Amino acid sequence: MGWYYINLRVHNGKVDQWTTGVDAPGDNNQLDHIQAARNSAYGIHANGHGTLISGCLAYDNERTGITAGIGATVSRCTSSNNGTNSGFEARGIHAGPGSTIYGCSSLWNGEE
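Residues numbered from 1 in each chain as written. Predicted model: local features only at pLDDT ≥ 70, side-chain atom pairs only at ≥ 80, totals over all residues. Heavy atoms only, no water.

A. Here's a closer look at the sheet that holds strand β7 (residues 66–68). Ordered by their spatial adjacency, four strands build an open sheet running β2-β4-β7-β10, and the pairing between neighbours is parallel. Unpaired on one side and paired on the other, β2 (22–23) and β10 (93–95) mark the two borders of the sheet. (Pairing = 2+ DSSP bridges. Helix = DSSP H or I, 4+ residues; strand = E, 2+ residues; numbered from the N terminus.)

Here's what the structure looks like:
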């Protein structure tokens, strides 16, 4: 089992050319004002319950730009050009059941 964060807050930063830009599994995490670009896997990967992701930008990542878990809220985010040449299943923004996505844009991603 890997790391599992609860009530983690990550804000104001850029992660460029890592494996996964921000990998924050766990519940009730908050991620805001993050740029995740040109990573060899996911841009922002926060698949726990009740995560809040806001004001983030994900682009040119090999897989999905922004991934959120069950009951998440994703707001004011932009995701573009993710997973377009990787051969992996990829989306711009993906959130689990019971989640809310609003005020976001997603363009030129793998499965759109």
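B. Representation of the nonpolar core. With 18 residues, the main nonpolar core has Leu31, Ile44, Ile53 and Ile66 as its most contacted residues. At the level of elements, β3 (30–37), β4 (44–46), β7 and β10 are the ones that each hand at least two residues to this core. Of all the elements, β3 adds the most residues to this core, at three residues. (Core = buried A, V, L, I, M, F, W, Y, C linked by side-chain atoms within 4.5 Å. Buried < 20%, exposed > 50% of the residue type's maximum accessible area, 1.4 Å probe, protein only.)

C. Region of the structure containing the pairing of β3. Judged from the seven bridges that link them, strand β1 (residues 9–16) and β3 form a sheet pairing that is parallel. Paired with lysine 14 across the strands is glutamine 35, a residue of β3. Pairing analysis gives three bridges linking β3 to strand β5 (residues 52–54), with the strands arranged parallel. Of the residues in β5, the one forming a bridge with leucine 31 is isoleucine 53. Sheet analysis places β3 next to strand β6 (residues 57–59), joined by three bridges and oriented parallel. When the bridges of β6 are listed, alanine 36 appears paired with alanine 58.

D. Focus on the pattern of salt bridges. With the rule as written, the count across this model stands at three salt bridges. In this structure, the salt-bridge partner of aspartate 32 is arginine 9, at a minimum N-O distance of 3.1 Å. Of the two residues, aspartate 32 is situated in strand β3 and arginine 9 in strand β1; the sequence distance between them amounts to 23 residues. Look at arginine 9 and you get partly exposed, because its relative accessible area is 47%. Between aspartate 16 and lysine 14 there is a salt bridge, with the nearest N and O atoms lying 3.9 Å from each other. Under the relative-accessibility criterion, aspartate 16 is labelled partly exposed at 25%. (Salt bridge = Lys/Arg side-chain N within 4 Å of Asp/Glu carboxyl O.)

E. Molecular detail of the side chain of threonine 20. Looking at where threonine 20 falls in the secondary structure, it is placed in the loop between β1 and β2. Residue class for threonine 20 comes out buried when judged on its relative accessible area of 16%. Not counting the four nearest positions on each side in its chain, threonine 20 is found in contact with Asn39, Ala41, Tyr42, Gly43 and His45. (Contact = heavy atoms within 4.5 Å.)

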